[in-house]
Amino acid sequence: MSGGGQDGGDGTGPVRPRPWTVESSRIEYQDRFLTHRMDRCITERGNVLDPFHILEFKGWCHAVALTPAGELVLVEEYRHGGGAVVRGLPAGTVEPGEDPAATVARELTEETGYVADTWIELPVMWANPATQTNRAYTYLALDARPTGTRNLDPGETIAVVLKPAAEAFRELMAGGWCTTSLHVASLLMAREYARAHAAEDPRLAPLAG
């Protein structure tokens, strides 16, 4: 079909996407990690969706941390949903009322023992807006250096992996390690930022590749 949208079915022309009407909403399950909400929705074309399942999560933050030597600070951790040890970015959840910039700096230190002098905020992403309410916040950290102190949660056993940025991207794009899709997006955004700004900040050169 070509044109500006779907036909309304009544000869009135295309219907444009717009927010649905929520007639009722109920909580099916709730704990400190997530809320499972079930909505009765009326779509822009008048269709009833009942129930439409929504998962409410806290925001997520990702750290793309680069050392002065041009290495990315990565982590390897068992991810039970996938049943595998997965390599990815230092990351965590944003507590209610917390600035994501404060969250990401804390998570980098707690998971890896690294701190950074410079933090650059990158574009915000929806995690999965079809069924989830949360967003993912990405920050590029420069001059990351180890402190030797970590603070892992009870469910965390994390190995810190240092990879030259160019090598990490070669391995990633060759399928050398399967990681979280949003982490890939964060890495690619960081690389694009580095390519756009490496001339003015030489610290970005290893990431610009």
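Residues numbered from 1 in each chain as written. Predicted model: local features only at pLDDT ≥ 70, side-chain atom pairs only at ≥ 80, totals over all residues. Heavy atoms only, no water.

Student: Explain helix H3 (residues 181-197) here, please?
Tutor: Along an α-helix, a turn takes 3.6 residues, which lines up residues three or four apart on a common side. Helix length check: H3 (17 residues) gives 25 Å between terminal C-alpha atoms against 24 Å at 1.5 Å per residue, within 8%. Taken together, the buried positions of H3 are Leu-182, His-183, Ser-186, Leu-187, Met-189, Ala-190, Arg-191 and Ala-194. (Helix = DSSP H or I, 4+ residues; strand = E, 2+ residues; numbered from the N terminus. Expected span 1.5 Å × (residues − 1). Buried < 20%, exposed > 50% of the residue type's maximum accessible area, 1.4 Å probe, protein only.)

Student: Before we go on, may I ask you to explain the environment of Gly-13 in this structure?
Tutor: Inspection of the secondary structure assignment puts Gly-13 in the loop between strand E1 (6-7) and strand E2 (14-15). Here Gly-13 falls in the buried class, since its relative accessible area comes to 17%. Along the primary structure Gly-13 and Ala-136 are separated by 123 residues, whereas in three dimensions their C-alpha atoms are 37 Å apart.

Student: What's the story with the pattern of salt bridges in this structure? I'm lost.
Tutor: Side-chain pairs of opposite charge can arise whenever the charged atoms involved come near each other. Inspection of every chain in the model, using the stated rule, returns 17 salt bridges. Across the salt bridge formed by Arg-37 and Asp-39, the nearest N and O atoms sit 2.8 Å from each other. Residue Asp-39 is classed as buried on the basis of its relative accessible area, which comes to 3%. Of the charged contacts in the structure, one is a salt bridge between Lys-58 and Glu-95, with a shortest N-O distance of 2.9 Å. You can see Lys-58 sitting in the loop between strand E5 (48-57) and strand E6 (59-66) and its partner Glu-95 sitting in the loop between strand E9 (91-94) and helix H1 (100-112), a full 37 residues away along the chain. Through salt bridges with shared partners, a single network forms among Glu-76, Arg-87, Lys-163, Glu-167 and Glu-171. (Salt bridge = Lys/Arg side-chain N within 4 Å of Asp/Glu carboxyl O.)

Student: What exactly am I supposed to notice about helix H2 (residues 165-173) here?
Tutor: Burial in H2 covers these residues: Ala-165, Ala-168, Phe-169 and Leu-172. Projected down its long axis, H2 carries its buried residues within an arc of 95°, all on one side. For H2, the secondary structure elements touched by its buried residues are E6, strand E7 (71-79), strand E15 (159-164), H3 and helix H4 (205-208). Downstream of H2 by a residue or two, Gly-175 has a phi angle that is positive, lying close to 80°. (Arc of directions from axis to C-beta. Contact = heavy atoms within 4.5 Å.)

Student: Is there a simple way to explain unusual backbone geometry in this structure?
Tutor: Across residues other than glycine, the phi torsion is negative in most instances, and most of the peptide bonds are trans. The linkage connecting Asp-50 with the following residue, Pro-51, adopts the cis geometry, with an omega of 5°. Structurally, Pro-51 is set in strand E5. For Asp-143, which is not a glycine, the phi torsion comes out positive at approximately 60°. Here Asp-143 lies in the loop between strand E13 (135-142) and strand E14 (145-146).

Student: What exactly am I supposed to notice about the sheet that holds strand E3 (residues 21-30) here?
Tutor: Backbone hydrogen bonds are what pair the strands of a sheet, in a parallel or an antiparallel way. Here we have three strands laid out as an open sheet, ordered E3-E4-E5, and antiparallel in their pairing. Here the strands that pair on one side only, and so sit at the sheet edges, are E3 and E5. Taken over all neighbouring pairs, the strand axes of this sheet differ in orientation by 25° on average, direction set aside. In this structure, strand E4 (residues 34-42) lies alongside E5, joined through eight bridges in antiparallel fashion. Within E5, the residue paired with His-36 across the bridge is Leu-55. (Pairing = 2+ DSSP bridges. Axes fitted to C-alpha atoms, helices over the stretch in contact; angles between N-to-C directions.)

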